[in-house]
Amino acid sequence: MKKISTLFKICFSVFILSIASCSSDDNSGPNEPINTAELKLFVIDTAKVNTITMTGTNEQNVLNKSVNSSSYIGDFCISPDGAKFIYVNHQMTGVVPNLVSVREIRKANIDGSNDVLLYAETQNQTEIQKIKYCSDGKIIFSTLNYQGGTVGLKVQMMNEDGTGLADVQYGPNFIDVTADRGYYLINTDTGVQILDADADNGAPGFYYSENIATAESIEDGVFTSDAKTAVIPYKEGNMIKAKVIDIVAKTSTTIDLISGLGTGWISYHLEMSSDSKRGVITISGSDYIKSKTYVFDVKTGVVNAPFENNDENIFDVYAW
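Below is a summary of the structure that appears in this document. Remember, it's a predicted structure, so these values are computed and weren't measured experimentally. All residue numbers refer to position in the chain's written sequence, counted from 1. At least 70 in pLDDT is required for a residue's local features to be given in this predicted model, at least 80 for side-chain atom pairs to be given and counted, and no such filter applies to totals for whole chains, interfaces and linings, which use all residues. In computing side-chain values, all of the structure's heavy atoms are included and hydrogens and water are not.

**Regarding the pairing of strand E21 (residues 266-272)**
Part 1 of the argument: Counting buried positions along E21 gives 7 out of 7 residues, so the element sits mostly inside the fold.
Part 2 of the argument: Pairing between strands is defined by DSSP: at least two bridges between the two strands are required. Each helix corresponds to a stretch of at least 4 residues labelled H or I by DSSP, and each strand to a stretch of at least 2 residues labelled E; elements are numbered beginning at the N terminus. For E21 and strand E22 (residues 278-285), the ladder comprises 7 bridges, and the chain directions are antiparallel. Paired with Glu271 across the bridge in E22 is Val280.
Part 3 of the argument: Connecting E21 to the next strand, E22, in antiparallel fashion are 5 residues, including Ser276 with a positive phi near 65°. Relative accessibility decides the category of a residue: with a 1.4 Å probe and only protein chains considered, values under 20% of the type maximum give buried, values over 50% give exposed, and everything between is partly exposed.

Structure below.
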């Protein structure tokens, strides 16, 4: 299986202190506006959510969950209408044998107000992984269980108030789901697969496969908000590239995002904005004193000059 290193970024962040939407290209769905102006960028700085401009300036804090050096925010997702966000809150307090771990999915307004609990994980060996805020208000999330030396990934769905928890049959190695829940993205040994949610008597079934055998690592992947494209970042040699998959046509193109990488370890995270065209990719590693974020256009392949983030603990930048 290709390497997915979101969990590594989380663990590394804790160690040094001791991680959209549904619209079309030109027309949004009902009550689902898209942002065609300057991108709204949200930075995850360990246990804080901050906003910045498209050039990395004017950083403002909107949410602070710092309790101690074990506090961090895992995954994060903005609602399709840009009015709210959900996030994974990790906390650890006390000492062995009275160690208390908190793993929660929480929801807040886009300005950080009205921060409420939606889901709390009670199994000590289970971590909350990916979360997605869907167009109909449903929230899909995955958990990973290490109990007894085995690894079990589970995908669940709930209402946006935390009620109606139910299992989702999706296939293995879940990465993302379209905001309308029409397609699922999964990781495989040679690349990624797209599953059609209704292909197999109402359960996800095979739709498309993209072989990226040349990739040294594949770090996540996302659907655009209009559910027409999947964007898969990967490392190949001294470059970070992305496969851009046209879901309707079942074809793909490759764009070069970052070149001239060093030989040390690196980590990278890509997200797309609500307009389904612009995205951000953030890179960190042994050759970076602070992480850098690049804004790019998936339609034209144009990549803007990067800006340096304000803190070495920033691995993830999200856009709306």
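**Notes on the sheet that holds strand E5 (residues 84-93)**
Part 1 of the argument: Pairing within the open sheet is antiparallel, and its 4 strands lie in the order E4-E5-E6-E7. Edge strands, defined here as strands with exactly one partner in the open sheet, are strand E4 (72-78) and strand E7 (116-120). Looking at each pair of strands side by side, their axes are set apart by 25° on average, direction ignored.
Part 2 of the argument: One ladder, built from 10 bridges, connects E5 with strand E6 (residues 100-109); its direction is antiparallel. Across the sheet, Met92 pairs through a bridge with Ser101, a residue of E6. Here an axis means a line fitted to C-alpha atoms, over the contact stretch when the element is a helix, while the angle between two N-to-C directions is reported on a 0 to 180 degree scale.

**Looking at a nonpolar patch on the surface**
Part 1 of the argument: Like charges within 9 Å and nonpolar side chains (Val, Leu, Ile, Met, Phe, Trp, Tyr) within 5 Å are joined into patches, using only residues over 30% in relative accessible area that form no salt bridge. Only the protein chains shown count as cover for residues, and the accessible areas themselves come from Shrake-Rupley with a 1.4 Å probe. The term salt bridge refers to a pairing of a side-chain nitrogen on Lys or Arg with a carboxyl oxygen on Asp or Glu at a separation within 4 Å. A cluster of nonpolar side chains, namely Met92, Val96 and Leu99, defines an oily patch on the protein surface of about 270 Å² accessible area.
Part 2 of the argument: Under the relative-accessibility criterion, Val96 is labelled exposed at 69%.

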